[in-house]
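Residue strings, one per chain:
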Amino acid sequence: MPFREINSKMVEATVVPGQRMFSQRGAMLAYKGDVTFTPNLTGGQGGVMAMIGRRVAGESTPLMTVEGNGTVMFGHGGHHVQVIRLSGDTLCVEADRLLAFDGTLEQGTMFMGSQGGVMGMVRGQVTGQGLFTTTLKGHGAVAVMAHGGVVELPIAPGRPVHVDPQAYVAHHGDVRNKLSTALGWRDMVGRGSGEAFQLELSGSGAVYVQASEEKL
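Keep in mind it's a predicted model, so treat the numbers as computed, not measured.

Caption draft 1: The overall build of the chain, seen in detail. Within the chain one finds three helices and 13 strands. Per-residue burial for the chain yields a buried fraction of 48% across its 216 residues. Of the contacts formed within the chain by residues at least 6 apart in sequence, a portion of 81% connects residues at least 24 apart.

In structure tokens form, the structure reads like this:
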């Protein structure tokens, strides 16, 4: 169910009988045809654990299940929208940055600390970002939101990419993440972004970075 980019802040999706998609609540701008929108309380393809992960990450509103026969226009808050297409790989994305995605994708959660250790936990406690990141796996498309536009940076073996944690939007591929600090522990007090923290992504894949550090 591909997305068609109308402009930098709006996408259109075709909904066909027998297929479904999920969207953030309030993301529907307009639609044509016989389309229904119902709250999804089971976390999509990820089941209850996906729902729990989203709630731990601070996403209190349920996803909406979109079904029927027609076209739907999505956007939210005037944010920039980036379409990411998956071909069997896994996309990791902050839960509150999801705009809409194909119902064929398997949804789950990843605890950032599982790769980043203690520093992964610091990311959630100090920078205000969630400890849990939503994962989407399979073949399909995902529309994500960001501030001020998005750039895709390739990650290659031996060439890691360092990102400000609050500029991070999503990543995919065979990628490891590790959060480190360029300052001492005393210097970190009261600092939540910028050069104090660096999210290092290594392996093979790509990371999407937004132009502004503003949190959605």
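Alright, that's what it looks like, and here's the rest.
Caption draft 2: Spatial organisation of the nonpolar core. Core analysis: the largest hydrophobic core is formed by 17 residues, its most contacted members being Phe-3, Val-11, Met-21, Val-66, Phe-74 and Leu-99. Contributing elements (two or more residues each) for this core: β2 (10–15), β5 (63–74), β6 (80–93), β7 (98–102) and β9 (132–146).

Caption draft 3: Here's a closer look at the environment of Gly-205. Relative to the assigned elements, Gly-205 resides in strand β13 (residues 197–210). On a C-alpha basis, the gap between Gly-205 and His-172 in space is 5.6 Å, while along the polypeptide they are 33 residues apart. In contact with Gly-205, other than residues within four places in its own chain, are Leu-153, Pro-154, Ile-155, His-172, Gly-173 and Val-175.

Caption draft 4: Spatial organisation of the packing of aromatic side chains. Using the criterion set out here, one finds two aromatic pairs in the structure. Measuring from ring centre to ring centre gives 5.6 Å for Phe-22 and Phe-101, while their planes differ by 40 degrees; the resulting arrangement is tilted. Taken together, the residues span a long stretch of sequence, with Phe-22 in strand β3 (residues 20–23) and Phe-101 in strand β7 at a distance of 79 residues. Taking the relative accessible area as the measure of exposure, Phe-101 reaches 2% and is therefore buried.

Caption draft 5: Seen up close, the pattern of salt bridges. Taken as a whole and judged by the stated rule, the model has one salt bridge. Glu-12 serves as the salt-bridge partner of Arg-4, at 3.1 Å between the closest nitrogen and oxygen.

Caption draft 6: Spotlight on the pairing of β2. Of the strand pairs in this sheet, strand β1 (residues 3–7) and β2 are connected by four bridges, and their pairing is antiparallel. Looking at β2, one finds that Asn-7 is bridged to Met-10. As paired elements, β2 and β5 share five bridges and run antiparallel to each other. Across the sheet, the residue bridging to Val-15 is Gly-70, located in β5.

Caption draft 7: Inspection of the environment of Leu-136 at higher detail. Its place among the elements puts Leu-136 in strand β9. Classification of Leu-136 by relative accessible area gives buried; the value is 0%. Placed 46 residues apart in sequence, Leu-136 and Thr-90 show a C-alpha to C-alpha distance of 5.6 Å. Once residues within four sequence positions are removed from consideration, Leu-136 is found in contact with Leu-86, Asp-89, Thr-90, Leu-91, Leu-98, Phe-101, Leu-105, Glu-106, Gln-107 and Val-142.

Caption draft 8: Structural context of the environment of Leu-105. Counting through the fold element by element, Leu-105 comes out in the loop between β7 and β8 (106–111). According to the relative accessible area criterion, Leu-105 is buried, its value standing at 0%. Along the backbone, Leu-105 and Lys-137 are 32 residues apart, and their C-alpha atoms lie at a distance of 5.4 Å.

Caption draft 9: Geometry of the side chain of Gln-210. The residue Gln-210 is located in strand β13 in this model. Reaching out from Gln-210, the side chain makes a polar contact with the backbone nitrogen of His-147 at a distance of 2.9 Å. Non-local contacts of Gln-210, meaning those with residues more than four positions away in its chain, are made with Arg-97, Ala-146, His-147, Gly-149, Gln-166, Ala-167 and Val-169.

Caption draft 10: Looking closely at the confidence of the model for the chain. Residue-level pLDDT values for the chain average 79, and 69% of them are 70 or greater. Across residues 45–60, where pLDDT falls below 50, the model places 33 contacts with residues more than four positions away in sequence or in other chains. Scored below 50 in pLDDT, residues 113–130 shows 45 contacts in the model against residues more than four places distant or in partner chains.

Criteria and thresholds
In this convention, every chain numbers its residues from 1, walking through the sequence in written order. Under the rules for a predicted model, residues below a pLDDT of 70 receive no local features and side-chain atom pairs below 80 are neither given nor counted, while totals for whole chains, interfaces and linings still include all residues. Hydrogens are left out, water is left out, and the side-chain values use all remaining heavy atoms of the structure. The helix count covers DSSP runs of H or I at least four residues long, the strand count covers runs of E at least two residues long, and both are numbered beginning at the N terminus. For every residue, the accessible area obtained with a 1.4 Å probe (protein chains only) is divided by the maximum for its type, and the residue is called buried under 20%, exposed over 50%, and partly exposed between those limits. Only heavy atoms matter for contacts: two residues are in contact if any of them lie within 4.5 Å across the pair. The criterion is simple. A nonpolar core is a set of buried Ala, Val, Leu, Ile, Met, Phe, Trp, Tyr and Cys residues joined through side-chain atoms within 4.5 Å. Classification of ring pairs uses Phe, Tyr and Trp, with its six-membered ring standing for Trp, and accepts pairs whose centres are within 6.5 Å; under 30 degrees between planes counts as stacked, over 60 as edge-to-face, and the remaining range as tilted. The rule for a salt bridge is simple: a side-chain nitrogen of Lys or Arg has to be within 4 Å of a carboxyl oxygen of Asp or Glu. Each pair of strands is called paired provided DSSP finds at least two bridges between the two strands. Polar contact is defined as a pair of N or O atoms within 3.5 Å, subject to the rule that within protein one atom must be able to donate a hydrogen and the other to accept it, and that residues adjacent in sequence are counted only when both atoms are side-chain atoms. Every residue is assigned a pLDDT by the predictor, reflecting its confidence on a scale from 0 to 100.

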